[in-house]
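Tertiary structure, described
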Amino acid sequence: CHAFYFIAVVSFVVHMNILIVKLSALGDVVQSIPAFEALRNHYSSAHISWLVEDEAASLLQYYPGLDEIMVCRRRSWLKELRNPLLWPKVSLDILRFCDSLRQRYYDVIIDLQGLLKSAIWVGLARGRRKIGFDRTREGSWRFLNERLPPYDPDRHALERYLDVMRYLGAEVDSVRIHEPWTSTEEHQLQERLRQIRPTSGSPLVACHPISRWPTKLWPEANFTRLAVELITRLQAKVVFTGSTQDRDTITRIIEETGVGGLYNWAGTTNLRELAYVYKKATVVVSTDSGPMHLAAVLGTPVVALFGPTAPWRTGPYGMAHKVLRVDRDCSPCFERSCDTVECMTELKVEDVFQAVVEQLDKE
């Protein structure tokens, strides 16, 4: 009898199917990776799938231990639906995606998003246990059949995701993340970085001046002045990162410096390659953004510039990082528009520079 029970339990674990639903944004997906690692460590033989939107999908494409990526093209669908001529094509594409989602039966479905856009897929997916937090936004908790108590909104997002894995029995003794880049990408980037930094004597500072929210942006002129200080006072090599759409912004920042040793890599790396650049950087200076979280979970010291958002909720995770913010009664306001944006414009260049120096001194 005991032998039969043991075989049954082992068979269940081996054939267990788990679906993680965490669609976007990049920072949220990055902060969910340690939760995946804990889940994988706990269910070593399970088949684990991740439902994600196309924005962050490339980061997970070759991620160790992840068996399947299901890419939801929600943003693309919404954009294409503006053209009535594309409605048949988009409808067929959505139906095919729904069909692929329902082909597999899942023993556990985990909603780490907690929004209607994730709840729809949780509801459509076939599964025994649908797990997430109770009383999440937009009524998304109604699609769950197993609910954790409502989370504390001031608890760091990464810890909230780990709480779900603790609920499932996973031991979380540290925050883990594997290297997401391929060996080919590593070799190519090693050579590219060697060309701009032949020796390791000078620090490599990666600057990410971009954010989706206008209120999270530090003035371009400040990044220009910071870059000059990094070059002239620290003899650093400075790489600016961003998307293809950010190249013009970063070009303006660099052109205004009038010095060399600055590189515009916006739009020239995929997310896996960006992770490698951040891993090799000495320090990363960033606005509150997805790339900031990527650098932080990789263990690179971060100098994070915060204004309208709360770093205790969504700041760079860990004690190795430095968060700079101006104390204002209205901050954090979590607003995407503001007439003054004093919480960002009042951040002084010298303070950011000194924070970089402090991080370098720890190395």
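Quick summary incoming for the structure in this document. (Residues numbered from 1 in each chain as written. Predicted model: local features only at pLDDT ≥ 70, side-chain atom pairs only at ≥ 80, totals over all residues. Heavy atoms only, no water.)

1. Considerations on helix H2 (residues 26-42)
Applicable threshold: Strands are runs of DSSP state E lasting at least two residues, helices are runs of H or I lasting at least four, and both sets are numbered from the N terminus onward. Multiplying 1.5 Å by the residue count of a helix minus one yields the expected span of that helix. The reported bend at a residue is simply the angle between two axes, fitted to the 7 residues ending at it and to the 7 residues beginning with it. Type-normalised accessible area, obtained with a 1.4 Å probe on protein chains alone, sets the label of each residue: buried when under 20%, exposed when over 50%, and partly exposed for intermediate values.
The end-to-end C-alpha distance of H2 is 25 Å, a good match for the 24 Å that 17 residues give at a rise of 1.5 Å each. Along its length, H2 shows its largest kink, about 30°, at Ile 33, and proline Pro 34 lies within four residues downstream of that point. Counted residue by residue, H2 has 14 buried out of 17 residues, so it is predominantly covered.

2. Brief notes about the pairing of strand S4 (residues 105-111)
Let me state the cut-off plainly: At least two DSSP bridges between two strands are required for those strands to pair. When the strands point away from the viewer, a crossover counts as right-handed if the route from the first strand across the helix to the second turns clockwise.
The buried fraction of S4 amounts to six of the seven residues, a majority that puts the element mostly inside the structure. Pairing geometry for strand S1 (residues 17-21) and S4, over four bridges, is parallel. Looking at S4, one finds that Ile 18 is bridged to Val 108. Summarising the sheet, S4 and strand S5 (residues 126-133) pair through five bridges and their orientation is parallel. The residue of S5 that forms the bridge with Ile 109 is Lys 130. The handedness of the S4 to S5 crossover, carried by helix H6 (residues 116-124), is right-handed.

3. Describing the pattern of salt bridges
As a reminder of what qualifies: Salt bridge criterion: a side-chain nitrogen from Lys or Arg within 4 Å of a carboxyl oxygen from Asp or Glu.
Tallied over the entire structure, the rule returns 23 salt bridges. Close ionic contact of Glu 220 with Arg 252 constitutes a salt bridge, the shortest N to O distance being 2.8 Å. Taken as a pair, Glu 220 in helix H9 (residues 220-234) and Arg 252 in helix H10 (residues 247-255) lie far apart in primary sequence, 32 residues in all. Accessibility expressed as a relative area gives 40% for Arg 252, which makes it partly exposed.

4. A closer look at the sheet that holds strand S7 (residues 204-208)
Think of a sheet as strands paired side by side through backbone hydrogen bonds, with each pair either parallel or antiparallel. To keep it simple, the criterion reads: All axes are obtained by fitting lines to C-alpha atoms, using only the stretch in contact for helices, and the reported angles, taken between N-to-C directions, cover 0 to 180 degrees. Note on contacts: a residue pair is in contact if any heavy atoms of the two residues lie within 4.5 Å.
The strand order S9-S8-S7-S10-S11-S12 describes an open sheet built from six strands, whose pairing is parallel. Looking at strand neighbours, the two that pair on one side only are strand S9 (262-264) and strand S12 (322-324), the edges of this open sheet. Pairwise comparison of adjacent strand axes, ignoring direction, gives a mean angle of 15° for this sheet. Packing against the sheet, H10 makes contact with strand S8 (237-240) and S9, and its axis sits at approximately 165° to S9. Contacts from helix H12 (residues 290-297) reach S7, strand S10 (283-287) and strand S11 (302-305) within the one sheet, and its direction differs from that of S11 by about 155°.

5. Regarding the state of the cysteines
Here a disulfide denotes one covalent bond, and it connects the sulfur atoms of two cysteines. Quick note on the threshold: Cysteine sulfurs are considered disulfide-paired once they come within 2.5 Å of each other.
Counted according to the given criterion, the structure contains zero disulfides. Counting only cysteine sulfurs, Cys 343 is the nearest neighbor of Cys 207, a cysteine outside any disulfide, at a range of 20 Å.

6. A closer look at the nonpolar core
The criterion, for reference: Throughout this description, the term nonpolar core refers to a set of buried Ala, Val, Leu, Ile, Met, Phe, Trp, Tyr and Cys residues connected via side-chain atoms within 4.5 Å.
Formed by 61 residues in total, the largest nonpolar core has its most connected members in Ile 18, Leu 39, Trp 50, Ile 110 and Met 165. Sorting elements by how many residues they give to this core places H2 first, with eight residues. Residues within four places of Ile 18 in sequence aside, it is in contact with Leu 39, Tyr 43, Ala 46, His 47, Ile 48, Ser 49, Tyr 106, Val 108 and Ile 110. One finds Val 283, Val 285, Ala 355 and Val 356 within the second-largest nonpolar core, a separate group that totals 34 residues.

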